[in-house]
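# Observations on chain architecture
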Amino acid sequence: MDTNLELLRKMRIAGAYADAGLKVLSKNSLFDEYFQGAEFILPASYFLGNVPDFFSVVRGEREALSANTSLMVNGRKQVFALKLFMDKDSRFLFTAHNLTVEGNSELNLYGSDEPFIPKYLHNSAPMLIIDAGQSGRILDANDAACSFYGYTKSEMESLTVDQINTLGPEAIKKEMSLAVLSKRNYFNFKHRLKNGTVKDVEVYSSAVPIKGKTLLFSIVIDASEKKMYEVLLADLNARINERVEAEKMSCIVTTSKYQNLFEMSQDAVIIMEMDENGKLNFADVNRAACSLFGYSKEELMKKRSRELVYDDEEFKEYLQRQRLALDSIGVHEGRLKIVRADGKILTAEIMVRQNFMLGKPVVIAVVRDITERLNREKELMEKDMLVIQQKRMVEMGGLLSAAVHQMKQPLTAISLVAEVMTSEPENLEESREILKTQVQYLNETLTEFRNYFSSAQENSVFHLVEQIDKVINIAKPLLAVNGITVNVSGDENLTIYGLSGDFKQIMMNLVMNSVDVIRERGIKNGAIDINVFRSGNHAVVNFSDNGGGIEESLLPDEIFKPFFSTKGDKGTGIGLSIVRSMAEKMGGHVKAENSLSGAVFTLALNLT
C-alpha cells in the first residue's frame, strides 16, 4: 500500500489513488470500510456536477475539488468532507474525512446540547451551518468563523445569510439553490464583517439533508489578499500585453527597416539557415545577390553555396578557415572565386557573420565583387614598379657619378704602378701586389652595384643589419663625397621574412633623402645613425640624421604623399612615398618625426 495512504488511515481519513478513468489503483482500509470495496471512486460523481471545475484539476489549473455530503455507512448516515487532487504522476488522489461525531450519526437540530458542528471541525478554517430554507439562518459557526466575522457564537447564530452576504435576498436564494441541488459547490462572495469591513471570500458549500431539512455546510476562505494579487496580476498582465504589443510594433518597424536596408544594399547579401542535417540553406537573398550571380531570386534560392564557387578544393579550404573563425570570434572574412550563371569567373570578398533573426540562429554572408579592384591594383602595381625602376635609375646616376669619382684613385694608382713596372723591374713583385689590391677593390665595388640593381624578387629570411650594410657600401662613394658618416648599430641577428630587395630600396631612399638634405643645407660633418632592435612582435629600424629636420606642417603624413617634394624642381617627390608604400607592402609601417638635430624615420616590420 502507498505510504501516503497509510498515513491518511492513521489520521482516520479514507484515501485511494485512481487512474484517469477514476478506477482505483490503491486504497487504504478506511476506503474499503466507508465505500464497501468500490473499484471506482464512486463519490467522485459529487465533483462532476461542475465539469469545467473538474477538468481544471486535470489540467493542473486548480489544486483540488472539494464537496461535503452525507453517506450511509453501516446503516448510519454520516457527514463527509470529500476532496479530489491530481498528483505529479497524473494520478487522482481521493480523500474522505468523516465529519460525524462518534455516537452522533444523526445531527440533532433541536433540543440537544451537542454542538451542530462536530468538535473535529474546530480548526483554523471558518465553517458555517446554514438553514437552506426560507430563513437562511446561521445555525452554527465554529470558533474560526466567529473570529473571522468578529461576532460571538450567540451573535453568529442570531444572524441570517443576507446579513453577512452583500448580495440581495433574491440573488442569495438563487446561489443557495445551486448548492442545494449540487449544481455548484464553489462560490465567490463579498461578506460583511461586524465592523463593517467587506472582504472577498471563497465559499465551498454542500447540501446535508438531516431530519427532512436541507442544511448547507460551508467552509469560508478569506480571499481578500488573493483578490488583491489578482488585481495586481491583471494590471501586470495588462502592462505586459501593452509591452508585447509595443515590441510587436517595434519588430514590425525594425523588420521593415531591415527589409529596406537589405534590398537597398549595394553588396550581395545572403541569409542562410541551418536544416536538421546541419546544412546551410538560403533563407533570403537581396537584389544585389541576384545581379551578382546572374540568377532570378527563385533560381538563386534553390542553389547551394558549393554550386556558386569556381574551385571545389579552394572552397573546402575556405570553409575550414571560416568554421574556425566563426567558432572563435563569430565572424570571418576571406576571398573566393565565384561563378556567375553565364559562366563568368569573378573574385569575391566575402564577410560571414553569425547572428539571430526573429529568435532563430542564422548566418549572414555579404559578398562583394572585387575583380575590377584587383585589376586596378595590378595596373597600379605595374606602374609603381616602373616608377621604382625610374627612381633607381636616378639613384644609379648619382651613385655612379660618386663611384666614378672614387674609382679615379685606384685607376690613377694602377697607371702609376704600370710606369714603375716598366722603369723599375726590380720592384715587379711589389707592383704586382699593388695592382692586385686595386683591381680587387674595383671588382668589389662593381659587384655591389650589380647586386643592388638586380635584387632577387623572391621572399626569403634575411638579416636586417646585413642588408643595411650592403646599401651603405653602395652609397659609400656618395657619402664620402659629401662628408657624411654612417653609424649602424643594434641586433645583428634580427631577421624578417620578405623581399630583401624591397627592404634595401626603403633604406636606399632614406639614405639618399638624408644626403640631399645635408648637402642642400650645407651641413658640415653630416651624420646618419641607424639602429636596429626588436619591439614586441616587430623588428624596428630607427633611421635619423642631423640634417635639421622636417617642417612641422608636413608631419606626420604630408611628407609621404606621392609627388610631394621639398626640393622643388630637383626632386621627383616619390622617394618617401615609395618608402611608405613598400613598408606597407611588407606588412609594416613607417612614421616620421623630428629630433633636436634632424629627422627621424621609424620603420616597423613584422618579425619572422
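Here the structure is shown first, and the text comes after it.
Since we're looking at a predicted model, the values are computed, not measured. (Residues numbered from 1 in each chain as written. Predicted model: local features only at pLDDT ≥ 70, side-chain atom pairs only at ≥ 80, totals over all residues. Heavy atoms only, no water.)

### Focus on the side chain of Ser-544
Along the chain, Ser-544 turns up in strand 20 (residues 538–545). Ignoring sequence-local partners within four residues, the contact set of Ser-544 consists of Ala-527, Ile-528, Asp-529, Ala-599 and Val-600. (Helix = DSSP H or I, 4+ residues; strand = E, 2+ residues; numbered from the N terminus. Contact = heavy atoms within 4.5 Å.)

### A look at helix 11 (residues 312–329)
Under the 1.5 Å per step criterion, the end-to-end length of helix 11 is 25 Å for 18 residues, consistent within 8% with the ideal 26 Å. Turning to helix 11, its buried residues number three or more, namely Phe-315, Tyr-318, Leu-319, Gln-322, Ala-325 and Leu-326. Relative to the axis of helix 11, the buried residues are bounded by an arc of 135° and lie together on one face. Of the exposed residues in helix 11, those oriented more than 90 degrees away from the buried face are Gln-320, Leu-324, Asp-327 and Ser-328. Buried positions along helix 11 lie against strand 13 (331–339) and strand 14 (345–357). (Expected span 1.5 Å × (residues − 1). Buried < 20%, exposed > 50% of the residue type's maximum accessible area, 1.4 Å probe, protein only. Arc of directions from axis to C-beta.)

### Structural notes on the packing of helix 14 (residues 464–481) against helix 15 (residues 500–520)
It is at 9 Å that the axes of helix 14 and helix 15 come closest, and there the two elements cross at 40°. Crossing angle aside, the handedness with which helix 14 passes helix 15 is right-handed. Judged by residue contacts, Leu-464, Gln-467, Ile-468, Lys-470, Val-471, Ile-472, Ile-474, Ala-475, Leu-478 and Leu-479 of helix 14 engage Ser-500, Phe-503, Lys-504, Met-507, Met-508, Val-511, Met-512, Val-515 and Arg-519 from helix 15. Of the residues in the contact of helix 14 with helix 15, the class split is 14 nonpolar, 2 polar and 3 charged. (Axes fitted to C-alpha atoms, helices over the stretch in contact; angles between N-to-C directions. Left-handed = near helix turned anticlockwise from the far one by under 90°. Nonpolar A, V, L, I, M, F, W, Y, C, P; charged D, E, K, R; others polar.)

### A short note on the pattern of salt bridges
Taken as a whole, this structure holds 19 salt bridges when the rule is applied. Of the charged contacts, one joins Lys-27 and Asp-32 as a salt bridge, the two residues approaching to 3.1 Å between their closest N and O atoms. Two residues, Glu-155 and Lys-194, come together in a salt bridge whose shortest N-O distance is 3.4 Å. Here Lys-194 lies in the loop between strand 8 (186–192) and strand 9 (198–210) and Glu-155 lies in helix 5 (residues 153–156), a separation of 39 residues in the sequence. Look at Lys-194 and you get partly exposed, because its relative accessible area is 45%. Through salt bridges that share partners, Asp-140, Lys-153 and Glu-157 make up one connected network. (Salt bridge = Lys/Arg side-chain N within 4 Å of Asp/Glu carboxyl O.)

### Some words on the sheet that holds strand 11 (residues 268–274)
Pairing is antiparallel in the open sheet, where 5 strands are placed in the order 12-11-15-14-13. Either end of the sheet is taken by a strand with one partner, and the two such strands are strand 12 (280–285) and strand 13. Neighbouring strand axes in the sheet, compared pairwise and without regard to direction, differ in orientation by 35° on average. Bridging between strand 11 and strand 12 involves 5 bridges; their strand directions are antiparallel. Across the sheet, Ile-271 pairs through a bridge with Asp-284, a residue of strand 12. Across the sheet, helix 11 touches strand 13 and strand 14, and the angle it forms with strand 13 is around 160°. (Pairing = 2+ DSSP bridges.)

### A few points about a nonpolar patch on the surface
There is a patch of nonpolar side chains on the surface, built from Leu-233, Leu-236, Ile-240 and Val-244 and spanning about 330 Å² of accessible area. Relative to the elements of secondary structure, Ile-240 occurs in helix 8 (residues 224–264). When its relative accessible area of 40% is taken as the criterion, Ile-240 is described as partly exposed. (Patch = residues over 30% accessible without salt bridge, like charges linked within 9 Å, V, L, I, M, F, W, Y side chains within 5 Å. Areas by Shrake-Rupley, 256 points an atom, 1.4 Å probe, with all protein chains shown as cover.)

### Here we look at the sheet that holds strand 19 (residues 526–535)
In spatial order, the strands read 17-19-20-22-21; together these 5 strands make up an open sheet with mixed pairing. In this open sheet, the two edge strands, each paired with only one partner strand, are strand 17 (484–490) and strand 21 (589–594). The average undirected angle you get between the axes of adjacent strands in this sheet is 15°. Taken together, the 7 bridges between strand 20 and strand 22 (residues 599–606) define a ladder with antiparallel strand orientation. Considered in strand 22, the bridge of His-538 is made with Asn-606.

### A word on unusual backbone geometry
The peptide bond linking Leu-555 to Pro-556 adopts the cis configuration, its omega dihedral lying at 0°. Positionally, Pro-556 belongs in the loop between strand 20 and helix 16 (575–585). Of note, the phi angle at Asn-525 is positive, near 55°, even though the residue is not glycine. Tracing the sequence through the fold places Asn-525 in the loop between helix 15 and strand 19.

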